[in-house]
Amino acid sequence: GIGRRRFLAGAAGLAGLGVGAGVTAGGAAALRPAPTECTFGSETVDFHGDHQAGVTTTPPAHVTYVGVDLVPGANASVLGGILGIWTDDAARLTQGRPSLSDAEPELARLPARLTVTVGIGERVFTVADKEKLRPTWLRPLPAFGIDKLDPKWGQTDLLVAICSDDPMTVAHTVRVMVNAVRTRIRVRWVQRGFRESRGAQADGATMRNLMGQVDGTVQPDSSLHDSLIWDDGSAQPWFAGGTSLVLRRIAMDLDGWAELDRRGRELTVGRRLSDGAPLSGTSERDDPDFTAIKNGLPVIPASAHVARARRTGDRDRFLRRAYNYDDPPNGAAISDSGLLFAAFQRDIDAQFVPVQRRLAEHDALNEWTVPIGSAVYAILPGVREGEVLGSALHE
Ligand code: HEM
(Lines give C-alpha, C1' and ligand atoms only; values in the text may rest on other atoms or scores of the structure.)
Protein backbone atom coordinates (compact mmCIF):
# COMPACT_ATOMS: atom_id res chain seq x y z
CA GLY A 1 0.00 0.00 0.00
CA ILE A 2 1.00 3.63 -0.35
CA GLY A 3 2.98 4.93 2.70
CA ARG A 4 1.63 7.81 4.76
CA ARG A 5 4.63 10.05 3.90
CA ARG A 6 4.43 9.33 0.18
CA PHE A 7 0.70 9.91 0.30
CA LEU A 8 1.14 13.30 1.98
CA ALA A 9 4.01 14.28 -0.34
CA GLY A 10 1.88 13.36 -3.33
CA ALA A 11 -1.03 15.36 -2.06
CA ALA A 12 1.26 18.34 -1.37
CA GLY A 13 2.52 18.13 -4.95
CA LEU A 14 -1.00 18.20 -6.28
CA ALA A 15 -1.98 21.11 -4.04
CA GLY A 16 1.11 23.02 -5.26
CA LEU A 17 -0.21 22.70 -8.79
CA GLY A 18 -3.54 24.02 -7.68
CA VAL A 19 -5.11 20.61 -8.12
CA GLY A 20 -7.48 19.36 -5.44
CA ALA A 21 -8.14 22.73 -3.81
CA GLY A 22 -10.68 22.24 -1.06
CA VAL A 23 -9.39 18.76 -0.30
CA THR A 24 -9.29 18.48 3.43
CA ALA A 25 -9.14 14.95 4.84
CA GLY A 26 -5.43 14.19 5.15
CA GLY A 27 -4.57 16.48 2.24
CA ALA A 28 -2.08 19.33 2.26
CA ALA A 29 -4.89 21.87 2.05
CA ALA A 30 -5.79 20.87 5.60
CA LEU A 31 -2.23 21.57 6.75
CA ARG A 32 -2.02 24.97 5.08
CA PRO A 33 -5.56 26.26 4.80
CA ALA A 34 -6.02 29.53 2.98
CA PRO A 35 -7.20 32.17 5.47
CA THR A 36 -10.90 32.79 5.06
CA GLU A 37 -13.07 35.46 6.61
CA CYS A 38 -14.21 34.79 10.16
CA THR A 39 -18.00 34.77 10.18
CA PHE A 40 -19.64 34.71 13.57
CA GLY A 41 -16.94 34.35 16.22
CA SER A 42 -17.24 37.96 17.33
CA GLU A 43 -21.05 38.01 17.55
CA THR A 44 -22.31 38.87 21.01
CA VAL A 45 -25.61 38.67 22.87
CA ASP A 46 -26.33 41.40 25.44
CA PHE A 47 -25.81 40.27 29.01
CA HIS A 48 -27.64 43.10 30.78
CA GLY A 49 -31.42 43.48 30.59
CA ASP A 50 -34.73 42.66 32.29
CA HIS A 51 -34.17 38.97 31.66
CA GLN A 52 -31.12 36.77 31.56
CA ALA A 53 -30.06 35.83 28.05
CA GLY A 54 -30.14 32.17 27.05
CA VAL A 55 -33.87 31.64 27.44
CA THR A 56 -35.64 33.32 24.54
CA THR A 57 -32.44 34.15 22.65
CA THR A 58 -31.85 32.03 19.55
CA PRO A 59 -30.16 28.83 20.73
CA PRO A 60 -26.52 28.62 19.61
CA ALA A 61 -25.14 25.26 18.53
CA HIS A 62 -23.63 24.11 21.84
CA VAL A 63 -24.66 24.04 25.46
CA THR A 64 -23.00 22.91 28.66
CA TYR A 65 -25.13 22.74 31.77
CA VAL A 66 -23.12 22.67 34.97
CA GLY A 67 -24.96 21.56 38.12
CA VAL A 68 -23.16 22.48 41.35
CA ASP A 69 -23.84 22.24 45.08
CA LEU A 70 -22.83 24.76 47.71
CA VAL A 71 -20.22 23.46 50.17
CA PRO A 72 -21.48 22.50 53.65
CA GLY A 73 -21.84 25.53 55.90
CA ALA A 74 -22.50 27.93 53.03
CA ASN A 75 -24.78 30.88 53.81
CA ALA A 76 -26.21 33.98 52.14
CA SER A 77 -22.85 35.67 52.06
CA VAL A 78 -21.18 32.68 50.35
CA LEU A 79 -24.04 32.68 47.84
CA GLY A 80 -23.54 36.41 47.31
CA GLY A 81 -19.84 35.87 46.68
CA ILE A 82 -20.52 33.24 44.04
CA LEU A 83 -23.24 35.22 42.28
CA GLY A 84 -21.08 38.36 42.36
CA ILE A 85 -18.21 36.58 40.64
CA TRP A 86 -20.49 34.86 38.14
CA THR A 87 -22.26 38.11 37.26
CA ASP A 88 -18.96 39.84 36.59
CA ASP A 89 -17.50 36.88 34.67
CA ALA A 90 -20.61 36.51 32.53
CA ALA A 91 -20.82 40.26 31.80
CA ARG A 92 -17.25 40.18 30.49
CA LEU A 93 -17.06 36.82 28.75
CA THR A 94 -20.31 37.24 26.84
CA GLN A 95 -18.91 40.45 25.37
CA GLY A 96 -15.62 38.85 24.33
CA ARG A 97 -13.57 40.16 27.25
CA PRO A 98 -11.59 37.90 29.62
CA SER A 99 -12.73 37.50 33.21
CA LEU A 100 -10.64 39.07 35.96
CA SER A 101 -9.09 35.73 36.87
CA ASP A 102 -8.77 34.47 33.30
CA ALA A 103 -5.69 32.26 32.91
CA GLU A 104 -6.26 31.96 29.14
CA PRO A 105 -7.51 35.40 28.12
CA GLU A 106 -7.07 34.67 24.40
CA LEU A 107 -9.84 32.10 24.65
CA ALA A 108 -12.31 34.82 25.55
CA ARG A 109 -11.98 36.60 22.21
CA LEU A 110 -14.63 34.72 20.23
CA PRO A 111 -17.91 34.67 22.16
CA ALA A 112 -19.88 33.41 19.15
CA ARG A 113 -23.22 34.38 20.74
CA LEU A 114 -22.12 33.21 24.18
CA THR A 115 -24.81 33.34 26.85
CA VAL A 116 -24.50 32.46 30.52
CA THR A 117 -27.72 31.73 32.39
CA VAL A 118 -27.80 31.19 36.14
CA GLY A 119 -30.48 29.25 38.01
CA ILE A 120 -30.96 28.34 41.64
CA GLY A 121 -32.44 25.25 43.22
CA GLU A 122 -34.92 25.02 46.06
CA ARG A 123 -32.34 24.36 48.82
CA VAL A 124 -30.62 27.69 48.22
CA PHE A 125 -33.55 29.53 49.80
CA THR A 126 -32.99 27.58 53.01
CA VAL A 127 -29.23 28.02 52.93
CA ALA A 128 -29.63 31.77 52.44
CA ASP A 129 -32.37 31.92 55.08
CA LYS A 130 -34.76 33.44 52.54
CA GLU A 131 -37.57 30.87 52.53
CA LYS A 132 -40.15 33.60 52.16
CA LEU A 133 -38.74 34.58 48.79
CA ARG A 134 -39.08 31.11 47.25
CA PRO A 135 -41.51 30.88 44.32
CA THR A 136 -44.16 28.27 45.21
CA TRP A 137 -43.43 26.16 42.14
CA LEU A 138 -39.76 25.72 43.06
CA ARG A 139 -39.87 22.22 44.52
CA PRO A 140 -39.30 18.68 43.25
CA LEU A 141 -41.54 17.57 40.39
CA PRO A 142 -44.12 14.91 41.22
CA ALA A 143 -42.94 11.35 40.51
CA PHE A 144 -43.94 10.22 37.01
CA GLY A 145 -44.48 6.54 36.18
CA ILE A 146 -42.16 6.70 33.17
CA ASP A 147 -39.20 8.07 35.15
CA LYS A 148 -36.09 6.00 35.75
CA LEU A 149 -34.16 8.79 37.40
CA ASP A 150 -30.49 8.36 38.12
CA PRO A 151 -29.49 10.56 41.07
CA LYS A 152 -26.28 11.21 39.14
CA TRP A 153 -28.28 13.71 37.04
CA GLY A 154 -30.42 15.02 39.89
CA GLN A 155 -31.25 18.33 41.52
CA THR A 156 -28.39 20.65 42.41
CA ASP A 157 -28.20 23.91 44.35
CA LEU A 158 -27.09 26.02 41.41
CA LEU A 159 -27.08 25.74 37.65
CA VAL A 160 -25.07 27.56 35.02
CA ALA A 161 -26.13 27.08 31.42
CA ILE A 162 -23.46 28.14 28.96
CA CYS A 163 -24.34 28.35 25.27
CA SER A 164 -22.22 29.38 22.29
CA ASP A 165 -21.73 28.51 18.65
CA ASP A 166 -18.13 27.66 19.49
CA PRO A 167 -17.35 24.66 21.74
CA MET A 168 -13.94 26.20 22.59
CA THR A 169 -15.73 29.20 24.04
CA VAL A 170 -18.13 26.99 25.97
CA ALA A 171 -15.25 24.96 27.46
CA HIS A 172 -13.31 28.08 28.41
CA THR A 173 -16.34 29.76 29.98
CA VAL A 174 -17.14 26.66 32.03
CA ARG A 175 -13.55 26.46 33.21
CA VAL A 176 -13.35 30.14 34.18
CA MET A 177 -16.67 30.21 36.00
CA VAL A 178 -16.18 27.00 37.95
CA ASN A 179 -12.57 27.74 38.77
CA ALA A 180 -13.37 31.17 40.16
CA VAL A 181 -15.66 29.70 42.86
CA ARG A 182 -14.05 26.30 43.32
CA THR A 183 -13.62 26.59 47.11
CA ARG A 184 -17.34 27.32 47.60
CA ILE A 185 -18.93 24.65 45.40
CA ARG A 186 -18.74 21.02 44.31
CA VAL A 187 -19.49 20.17 40.70
CA ARG A 188 -22.16 17.44 40.71
CA TRP A 189 -22.66 17.00 36.97
CA VAL A 190 -21.86 18.46 33.60
CA GLN A 191 -24.27 17.86 30.72
CA ARG A 192 -23.16 18.75 27.21
CA GLY A 193 -25.52 19.16 24.29
CA PHE A 194 -25.50 20.23 20.69
CA ARG A 195 -27.65 21.16 17.74
CA GLU A 196 -26.76 21.47 14.05
CA SER A 197 -23.59 23.54 13.60
CA ARG A 198 -24.07 27.21 12.87
CA GLY A 199 -24.25 27.67 9.11
CA ALA A 200 -24.98 24.00 8.37
CA GLN A 201 -28.62 24.90 7.80
CA ALA A 202 -30.52 28.14 7.40
CA ASP A 203 -30.57 30.40 10.48
CA GLY A 204 -33.89 29.98 12.21
CA ALA A 205 -34.47 26.43 10.91
CA THR A 206 -35.86 24.12 13.60
CA MET A 207 -33.32 21.66 14.96
CA ARG A 208 -33.50 17.91 14.58
CA ASN A 209 -33.06 15.45 17.41
CA LEU A 210 -31.11 12.19 17.17
CA MET A 211 -34.27 10.22 16.37
CA GLY A 212 -34.29 12.26 13.17
CA GLN A 213 -37.36 14.35 14.00
CA VAL A 214 -37.74 18.08 13.49
CA ASP A 215 -38.01 19.12 17.14
CA GLY A 216 -39.09 22.49 18.52
CA THR A 217 -41.67 23.66 15.99
CA VAL A 218 -44.61 24.51 18.24
CA GLN A 219 -43.75 27.23 20.75
CA PRO A 220 -45.84 29.78 22.66
CA ASP A 221 -47.02 32.35 20.10
CA SER A 222 -46.07 35.97 20.37
CA SER A 223 -49.31 37.31 21.83
CA LEU A 224 -49.01 35.14 24.94
CA HIS A 225 -45.28 34.65 24.84
CA ASP A 226 -44.14 37.00 27.60
CA SER A 227 -46.84 36.14 30.10
CA LEU A 228 -46.19 32.43 29.63
CA ILE A 229 -42.48 32.74 30.23
CA TRP A 230 -41.55 35.71 32.40
CA ASP A 231 -42.59 36.27 35.98
CA ASP A 232 -44.28 39.66 36.51
CA GLY A 233 -43.40 39.98 40.19
CA SER A 234 -47.01 39.77 41.38
CA ALA A 235 -46.27 36.97 43.87
CA GLN A 236 -42.58 37.68 44.52
CA PRO A 237 -41.64 41.25 43.52
CA TRP A 238 -37.90 40.43 43.58
CA PHE A 239 -38.47 37.74 40.94
CA ALA A 240 -39.98 40.00 38.22
CA GLY A 241 -38.25 39.14 34.96
CA GLY A 242 -37.25 35.66 36.13
CA THR A 243 -38.57 32.32 34.90
CA SER A 244 -38.30 28.63 35.69
CA LEU A 245 -36.41 25.82 34.03
CA VAL A 246 -37.27 22.14 34.02
CA LEU A 247 -34.23 20.26 32.78
CA ARG A 248 -34.87 16.60 31.94
CA ARG A 249 -32.26 14.24 30.58
CA ILE A 250 -34.19 11.86 28.35
CA ALA A 251 -32.42 8.78 27.01
CA MET A 252 -33.34 7.52 23.54
CA ASP A 253 -33.36 3.84 22.62
CA LEU A 254 -31.95 4.38 19.16
CA ASP A 255 -31.49 0.63 18.56
CA GLY A 256 -35.16 -0.03 19.26
CA TRP A 257 -36.20 3.01 17.21
CA ALA A 258 -34.17 1.66 14.26
CA GLU A 259 -36.42 -1.42 14.19
CA LEU A 260 -39.52 0.69 13.57
CA ASP A 261 -40.37 1.50 9.95
CA ARG A 262 -40.75 5.05 8.72
CA ARG A 263 -44.53 5.03 8.81
CA GLY A 264 -44.48 3.77 12.40
CA ARG A 265 -42.04 6.50 13.37
CA GLU A 266 -44.23 9.19 11.85
CA LEU A 267 -47.36 7.86 13.54
CA THR A 268 -45.51 7.82 16.86
CA VAL A 269 -44.95 11.57 16.77
CA GLY A 270 -47.77 12.65 14.43
CA ARG A 271 -45.43 14.54 12.11
CA ARG A 272 -43.50 13.72 8.94
CA LEU A 273 -39.81 12.93 9.26
CA SER A 274 -38.87 14.63 5.98
CA ASP A 275 -39.92 18.15 6.95
CA GLY A 276 -41.73 18.00 10.29
CA ALA A 277 -45.15 18.73 8.78
CA PRO A 278 -48.10 17.38 10.77
CA LEU A 279 -49.48 14.19 9.17
CA SER A 280 -52.68 16.16 8.51
CA GLY A 281 -50.86 19.01 6.70
CA THR A 282 -48.23 19.82 4.12
CA SER A 283 -45.64 22.03 5.78
CA GLU A 284 -43.90 22.34 9.15
CA ARG A 285 -45.84 25.39 10.35
CA ASP A 286 -49.28 23.97 9.50
CA ASP A 287 -51.52 23.55 12.51
CA PRO A 288 -52.13 19.83 13.13
CA ASP A 289 -55.74 18.77 12.54
CA PHE A 290 -56.48 16.19 15.22
CA THR A 291 -59.95 15.53 13.78
CA ALA A 292 -58.74 14.54 10.30
CA ILE A 293 -59.78 11.00 9.29
CA LYS A 294 -58.48 8.94 6.37
CA ASN A 295 -59.75 5.47 5.44
CA GLY A 296 -61.77 5.55 8.64
CA LEU A 297 -58.69 6.10 10.83
CA PRO A 298 -57.42 9.26 12.53
CA VAL A 299 -54.60 10.76 10.46
CA ILE A 300 -52.81 11.71 13.69
CA PRO A 301 -53.36 8.90 16.22
CA ALA A 302 -54.63 9.99 19.64
CA SER A 303 -51.55 8.30 21.14
CA ALA A 304 -49.10 10.34 19.01
CA HIS A 305 -46.67 12.51 20.96
CA VAL A 306 -48.01 15.78 19.54
CA ALA A 307 -51.61 14.78 20.23
CA ARG A 308 -50.83 13.98 23.87
CA ALA A 309 -48.56 17.01 24.35
CA ARG A 310 -50.97 19.46 22.71
CA ARG A 311 -52.13 22.28 24.97
CA THR A 312 -55.65 21.94 26.32
CA GLY A 313 -55.99 25.65 27.16
CA ASP A 314 -54.01 28.85 27.36
CA ARG A 315 -51.86 27.86 30.32
CA ASP A 316 -50.39 24.41 29.75
CA ARG A 317 -47.75 25.73 27.38
CA PHE A 318 -44.04 26.53 27.68
CA LEU A 319 -40.93 27.28 25.72
CA ARG A 320 -38.98 24.19 24.69
CA ARG A 321 -35.24 24.63 24.09
CA ALA A 322 -33.79 21.17 23.71
CA TYR A 323 -30.26 20.08 22.84
CA ASN A 324 -29.06 16.63 21.81
CA TYR A 325 -26.54 14.64 23.78
CA ASP A 326 -24.36 11.83 22.47
CA ASP A 327 -21.97 10.57 25.10
CA PRO A 328 -19.58 7.59 25.07
CA PRO A 329 -21.50 4.36 25.68
CA ASN A 330 -21.03 1.97 28.57
CA GLY A 331 -20.86 -1.82 28.49
CA ALA A 332 -22.30 -3.51 25.44
CA ALA A 333 -24.31 -0.49 24.24
CA ILE A 334 -23.09 1.26 21.12
CA SER A 335 -24.50 4.66 22.01
CA ASP A 336 -25.64 6.81 24.91
CA SER A 337 -27.81 9.40 23.24
CA GLY A 338 -30.86 11.45 23.99
CA LEU A 339 -32.25 14.87 24.60
CA LEU A 340 -31.41 17.52 27.17
CA PHE A 341 -35.03 18.60 27.29
CA ALA A 342 -35.39 22.13 28.66
CA ALA A 343 -38.77 23.76 29.33
CA PHE A 344 -39.00 27.41 30.42
CA GLN A 345 -42.22 28.71 31.92
CA ARG A 346 -43.48 31.17 34.46
CA ASP A 347 -45.14 28.54 36.64
CA ILE A 348 -44.03 24.89 36.57
CA ASP A 349 -47.14 23.63 38.40
CA ALA A 350 -49.62 25.31 36.06
CA GLN A 351 -47.76 24.91 32.80
CA PHE A 352 -45.27 22.03 32.70
CA VAL A 353 -46.67 19.48 35.15
CA PRO A 354 -50.08 18.92 33.46
CA VAL A 355 -48.39 18.21 30.12
CA GLN A 356 -45.77 15.91 31.61
CA ARG A 357 -48.56 14.08 33.51
CA ARG A 358 -50.46 13.48 30.27
CA LEU A 359 -47.33 12.23 28.53
CA ALA A 360 -46.47 9.96 31.45
CA GLU A 361 -49.99 8.49 31.35
CA HIS A 362 -49.71 7.74 27.68
CA ASP A 363 -47.52 8.77 24.77
CA ALA A 364 -46.48 6.46 21.92
CA LEU A 365 -42.97 7.94 22.14
CA ASN A 366 -42.48 6.53 25.66
CA GLU A 367 -41.62 3.17 24.10
CA TRP A 368 -38.26 4.61 22.97
CA THR A 369 -37.53 7.37 25.49
CA VAL A 370 -36.80 7.27 29.22
CA PRO A 371 -36.29 10.29 31.52
CA ILE A 372 -33.12 9.53 33.46
CA GLY A 373 -32.37 12.94 34.95
CA SER A 374 -34.51 15.75 36.27
CA ALA A 375 -34.00 19.06 38.04
CA VAL A 376 -35.85 22.35 38.41
CA TYR A 377 -34.45 25.84 38.86
CA ALA A 378 -35.54 29.42 39.35
CA ILE A 379 -33.82 31.33 36.56
CA LEU A 380 -32.90 34.62 38.18
CA PRO A 381 -34.17 37.92 36.76
CA GLY A 382 -31.77 39.87 34.58
CA VAL A 383 -29.52 42.64 35.91
CA ARG A 384 -28.49 46.14 34.91
CA GLU A 385 -24.86 47.18 34.77
CA GLY A 386 -23.36 47.24 38.28
CA GLU A 387 -26.03 44.94 39.77
CA VAL A 388 -25.44 41.38 40.95
CA LEU A 389 -27.67 38.44 40.01
CA GLY A 390 -30.14 37.40 42.73
CA SER A 391 -29.21 40.27 45.06
CA ALA A 392 -32.47 39.92 47.04
CA LEU A 393 -31.17 36.55 48.24
CA HIS A 394 -27.84 37.66 49.58
CA GLU A 395 -27.96 41.34 50.49
C1 HEM B 1 -43.63 18.36 20.19
C2 HEM B 1 -39.99 15.17 20.23
C3 HEM B 1 -40.16 15.07 25.08
C4 HEM B 1 -43.65 18.39 25.01
C5 HEM B 1 -42.64 17.51 19.79
C6 HEM B 1 -42.29 17.22 18.42
C7 HEM B 1 -41.27 16.35 18.44
C8 HEM B 1 -40.97 16.06 19.81
C9 HEM B 1 -40.54 15.76 17.25
C10 HEM B 1 -43.00 17.80 17.19
C11 HEM B 1 -42.43 19.07 16.68
C12 HEM B 1 -42.51 20.21 17.63
O13 HEM B 1 -43.55 20.88 17.78
O14 HEM B 1 -41.50 20.44 18.28
C15 HEM B 1 -39.74 14.87 21.55
C16 HEM B 1 -38.75 13.91 21.99
C17 HEM B 1 -38.80 13.87 23.35
C18 HEM B 1 -39.81 14.82 23.76
C19 HEM B 1 -37.85 13.10 21.08
C20 HEM B 1 -37.99 13.06 24.33
C21 HEM B 1 -36.83 12.52 24.03
C22 HEM B 1 -41.12 15.96 25.48
C23 HEM B 1 -41.45 16.25 26.85
C24 HEM B 1 -42.42 17.19 26.84
C25 HEM B 1 -42.72 17.48 25.45
C26 HEM B 1 -40.78 15.64 28.07
C27 HEM B 1 -43.14 17.86 27.98
C28 HEM B 1 -43.30 17.36 29.16
C29 HEM B 1 -43.92 18.68 23.71
C30 HEM B 1 -44.90 19.67 23.30
C31 HEM B 1 -44.91 19.65 21.90
C32 HEM B 1 -43.93 18.64 21.49
C33 HEM B 1 -45.72 20.58 24.21
C34 HEM B 1 -45.78 20.50 20.98
C35 HEM B 1 -47.11 19.78 20.79
C36 HEM B 1 -48.04 20.55 19.87
O37 HEM B 1 -48.75 21.41 20.39
O38 HEM B 1 -48.04 20.27 18.67
N39 HEM B 1 -41.81 16.78 20.62
N40 HEM B 1 -40.37 15.40 22.67
N41 HEM B 1 -41.91 16.71 24.66
N42 HEM B 1 -43.37 18.08 22.60
FE43 HEM B 1 -41.92 16.69 22.63
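Worth saying up front: this structure is predicted, and the values here are computed from it rather than measured.

Quick notes on the overall build of the protein chain
Line of reasoning, step 1. A count of helices and strands for the protein chain gives 10 helices and 11 strands.
Line of reasoning, step 2. Scaling as 2.2 N^0.38, a compact globule of 395 residues should have a C-alpha radius of gyration of about 21 Å, and the protein chain matches this with 23 Å.
Line of reasoning, step 3. In terms of overall dimensions, the protein chain has C-alpha extents of about 75 × 65 × 45 Å along its principal axes.
Line of reasoning, step 4. Within the protein chain, buried positions represent 37% of all 395 residues.
Line of reasoning, step 5. Partitioning the intrachain contacts of the protein chain with sequence separation of at least 6 by distance along the chain shows that 75% fall at a separation of at least 24.

Some words on the pairing of strand E5 (residues 243-252)
Side-chain positions along a regular strand alternate between the two faces of the sheet.
Line of reasoning, step 1. Among the 10 residues in E5, 9 count as buried, and that is most of the element.
Line of reasoning, step 2. Note: E5 against strand E11 (residues 369-379), 10 bridges, orientation antiparallel. Residue Ala251 lies in a different strand from E11, and its bridge partner there is Val370.
Line of reasoning, step 3. Here E5 runs beside strand E10 (residues 336-345); their pairing, made up of 8 bridges, is antiparallel. Looking at E10, one finds that Ser244 is bridged to Gln345.

Regarding the UniProt feature "domain: Dyp-type peroxidase C-terminal" (unreviewed entry) in the protein chain
Line of reasoning, step 1. Under the feature "domain: Dyp-type peroxidase C-terminal" (unreviewed entry), the UniProt entry names residues 207-383.
Line of reasoning, step 2. Helix makes up 23% of residues 207-383 and strand 24%, with an end-to-end C-alpha separation of 30 Å.

Here we look at the environment of Pro111
Line of reasoning, step 1. Mapping Pro111 onto the fold places it in the loop between helix H3 (76-93) and strand E2 (115-120).
Line of reasoning, step 2. Here Pro111 falls in the buried class, since 25 other C-beta atoms lie within 10 Å of it.
Line of reasoning, step 3. Between the alpha carbons of Pro111 and Arg139 there is a distance of 34 Å; along the sequence they are 28 residues apart.
Line of reasoning, step 4. Setting aside anything within four residues of it in sequence, one finds Pro111 in contact with Thr44, Leu93, Thr94, Gln95, Gly96, Ser164 and Thr169.

Details of the site of the ligand
Line of reasoning, step 1. Around the ligand there are 27 residues in total, and Gln213, Thr217, Val218, Ala309 and Gln356 lie nearest to it.
Line of reasoning, step 2. For the shell around the ligand, the secondary-structure elements that each account for two or more residues are E5, helix H9 (305-309), E10 and helix H10 (348-361).
Line of reasoning, step 3. Its residues assigned to classes, the shell around the ligand shows 14 nonpolar, 8 polar and 5 charged.

Comments concerning the packing of H3 against helix H5 (residues 167-179)
Two measures define how a pair of helices packs: the angle their axes make with one another and the distance between the axes.
Line of reasoning, step 1. The interhelical angle for the contact between H3 and H5, taken along N-to-C directions, is 155°, at an axis separation of 10 Å. By the angle between their axes, H3 is roughly antiparallel relative to H5. Handedness of the crossing formed by H3 with H5: right-handed. Where H3 abuts H5, its residues Trp86, Asp89 and Leu93 lie against Thr173, Val176 and Met177.
Line of reasoning, step 2. Class assignment of the residues belonging to the contact of H3 with H5 gives a composition of 4 nonpolar, 1 polar and 1 charged.

Thoughts on the nonpolar core
Line of reasoning, step 1. Ranked by size, the top nonpolar core spans 68 residues in total, and within it Val160 and Leu340 carry the most contacts.
Line of reasoning, step 2. Among the elements that line this core, the one with the most residues is H3, at 7 residues.
Line of reasoning, step 3. Among residues more than four places away in sequence, those in contact with Val160 are Val66, Trp86, Val116, Val118 and Met177.
Line of reasoning, step 4. Of all hydrophobic cores here, the second largest spans 7 residues; its members include Val269, Leu279, Ile300 and Leu365.

What about the UniProt feature "domain: Dyp-type peroxidase N-terminal" (unreviewed entry) in the protein chain?
Line of reasoning, step 1. The feature "domain: Dyp-type peroxidase N-terminal" (unreviewed entry), as given by UniProt, occupies residues 52-195 in the numbering adopted here.
Line of reasoning, step 2. As a span, residues 52-195 carries 25% helix and 22% strand, and end to end its C-alpha atoms are 21 Å apart.

Observations concerning the confidence of the model for the protein chain
Line of reasoning, step 1. Here the protein chain averages 93 in pLDDT, and 92% of its residues register 70 or above.
Line of reasoning, step 2. Model confidence for the protein chain, summarised as mean pLDDT per element, is weakest for helix H1 (residues 4-16) at 43 and strongest for strand E1 (residues 62-70) at 99.
Line of reasoning, step 3. Below a pLDDT of 50 lies the segment residues 4-24, which in the model reaches 17 contacts outside its immediate sequence neighbourhood of four places, other chains included.
Line of reasoning, step 4. Prediction confidence for the complex, expressed as pTM and ipTM, is 0.92 and 0.99 respectively.

A closer look at H10
Line of reasoning, step 1. The end-to-end C-alpha distance of H10 is 18 Å, a good match for the 20 Å that 14 residues give at a rise of 1.5 Å each.
Line of reasoning, step 2. In the core, the buried residues of H10 are packed alongside helix H6 (222-229), E5, E10 and E11.

Focus: unusual backbone geometry
For residues other than glycine, phi is negative in most cases, and the peptide bonds are mostly trans.
Line of reasoning, step 1. If you check the backbone angles, Ala112 has positive phi at about 45° while not being a glycine.
Line of reasoning, step 2. By the secondary structure assignment, Ala112 is in the loop between H3 and E2.
Line of reasoning, step 3. With 25 C-beta atoms counted inside 10 Å, the residue Ala112 sits in the buried group.
Line of reasoning, step 4. You will see that Asp129, though not glycine, has its phi angle at about 60°, which is positive.
Line of reasoning, step 5. Within the secondary structure, Asp129 is located in the loop between helix H4 (123-127) and strand E3 (158-164).
Line of reasoning, step 6. The exposure class assigned to Asp129 is exposed, which follows from the 11 C-beta atoms found within 10 Å.

Reading guide: rules and limits
- Residues numbered from 1 in each chain as written.
- Predicted model: local features only at pLDDT ≥ 70, side-chain atom pairs only at ≥ 80, totals over all residues.
- Helix = DSSP H or I, 4+ residues; strand = E, 2+ residues; numbered from the N terminus.
- Rg over C-alpha atoms; globule rule 2.2 N^0.38 Å.
- Buried ≥ 20, exposed ≤ 12 C-beta atoms within 10 Å, placed from the backbone.
- Contact = placed C-beta atoms within 7 Å.
- Pairing = 2+ DSSP bridges.
- UniProt positions renumbered as here; feature names shortened; annotations may be inferred.
- Near = placed C-beta within 6 Å.
- Nonpolar A, V, L, I, M, F, W, Y, C, P; charged D, E, K, R; others polar.
- Axes fitted to C-alpha atoms, helices over the stretch in contact; angles between N-to-C directions.
- Parallel < 35°, antiparallel > 145°, perpendicular 65-115°, else oblique.
- Left-handed = near helix turned anticlockwise from the far one by under 90°.
- Core = buried A, V, L, I, M, F, W, Y, C linked by C-beta atoms within 7 Å.
- pLDDT = per-residue confidence, 0-100.
- Expected span 1.5 Å × (residues − 1).

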